[in-house]
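# Observations on the three-dimensional arrangement
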Amino acid sequence: MNILFITVLVFLLYYFFKKGNKNTKDVVINKLKINEELSNEQFPKLNILQLSDLHLENISISPNELYEKLKGEPIDLIALTGDFLDRKRTIPKLTPYLEVLNQLQAKYGIYAVLGNHDYVLRQKDLQNLIKTLATNNCKVLQNENDLIYVQGTWVNVIGIDDFSTNRSSLETSYKGVTPGTNLVLTHDPTIVLHMKNHHFDYLLAGHFHGGQICYPKAYHLAKMGKLARMNIIKGFHKQDGKPFYISEGLGQTGLNIRVGSRPEITLHELTLVMDEQKTVKAI
């Protein structure tokens, strides 16, 4: 009886892990239109590719496969929202992905913020990661902002450093921003609970992996802060009337499996308007 029980248990675990690993290869492309009701010829649009949580130790899509999925998409700006890797020996693995992103020829470039896993690296290795990003035409924003001009409209690209490791500084991140659209990039979306007095028109984040392993709810994320305890761990949301999006991420951490979640590539079409009526439509 015990042998039968153990045999069944082993089989179920094998099936669970095999199925979970297969799910990591089922990459979903989510497309959203922000302020879609106001999307007409008089308002410019910014097409943003968001990739988050590559976790290159456990990623199931190759650089070439990533390129094939994206080569026909209109992309103006690429946003990388943190957690590239955990170990220094993985840093060279990042370069082929960055080369592919450069091939997409985003008009306004590639921007990145760092995540809690990136900060596990020792300082010299962290600097090597940042150098690798910069060498491949990626602007790393650590509580900094940059200004781009999109079809007659100014856009502040604001990079807020990782909240979960106490590196965020809203005041520093917003220093010197000009009137215009505020696009915020950050890793841990929990920062939105502290941004009542800091305006953003759209915020992109990651961090939670959509739970990665949900059974059926991602109870294991409770320790990751108030937002996770509210079960706000993926997709489109609003805080104080301001819209933000949480990517499920492209890679995995810990076990290389997904249950109840899928790796995600996100394409955001952001209509640049200064209006209280702002909506989202998934397509």
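The present account deals with the structure reproduced in this document. (Residues numbered from 1 in each chain as written. Predicted model: local features only at pLDDT ≥ 70, side-chain atom pairs only at ≥ 80, totals over all residues. Heavy atoms only, no water.)

## Notes on the sheet that holds strand 10 (residues 235–239)
What links the strands of a sheet is backbone hydrogen bonding, and the strands pair in either a parallel or an antiparallel sense. Ordered by their spatial adjacency, six strands build an open sheet running 6-7-8-9-11-10, and the pairing between neighbours is mixed. In this open sheet, the two strands that pair with only one neighbour each are strand 6 (144–150) and strand 10. Between one strand and the next, the sheet's axes are offset by a mean angle of 20 degrees, whatever the strand orientation. Pairing of strand 6 with strand 7 (residues 153–159) involves seven bridges; the strand directions are antiparallel. Looking across to strand 7, one finds that tyrosine 149 is bridged to tryptophan 154. (Pairing = 2+ DSSP bridges. Helix = DSSP H or I, 4+ residues; strand = E, 2+ residues; numbered from the N terminus. Axes fitted to C-alpha atoms, helices over the stretch in contact; angles between N-to-C directions.)

## What to know about helix 4 (residues 123–135)
For helix 4, which comprises 13 residues, the first-to-last C-alpha distance of 18 Å matches the rise-based estimate of 18 Å (1.5 Å per residue) to within 8%. All buried positions along helix 4 are accounted for by Asp125, Leu126, Leu129, Ile130, Thr132 and Leu133. Taken end-on, helix 4 shows its buried residues confined to a sector of 155 degrees, consistent with a single buried face. Exposed residues pointing more than 90 degrees away from the buried face of helix 4 are listed as Gln123, Lys124, Lys131 and Thr135. (Expected span 1.5 Å × (residues − 1). Buried < 20%, exposed > 50% of the residue type's maximum accessible area, 1.4 Å probe, protein only. Arc of directions from axis to C-beta.)

## Some remarks on the pairing of strand 4 (residues 110–113)
On strand 4, burial covers both faces: Ile110 and Ala112 on one face and Tyr111 and Val113 on the other are all buried. Summarising the sheet, strand 3 (residues 77–81) and strand 4 pair through four bridges and their orientation is parallel. By the bridge assignment for strand 4, leucine 80 is matched with alanine 112. Bridge count between strand 4 and strand 5 (residues 138–140): three bridges; the pairing is parallel. When the sheet's bridge partners are listed, alanine 112 is paired in strand 5 with valine 140. Since strand 4 and strand 5 lie parallel, the crossover through helix 4 that links them has a hand, and here it is right-handed. (Right-handed = clockwise from strand over helix to strand, strands pointing away.)

## Examining the nonpolar core
By size, the foremost hydrophobic cluster in this structure holds 35 residues, and its most contacted members are Leu49, Leu80, Leu101 and Leu129. Breaking this core down by element, the ones donating at least two residues are strand 2 (45–51), helix 2 (63–70), strand 3, helix 3 (91–103), strand 4, helix 4, strand 5 and strand 12 (264–271). Per-element accounting of this core gives the leading share, five residues, to helix 3. (Core = buried A, V, L, I, M, F, W, Y, C linked by side-chain atoms within 4.5 Å.)

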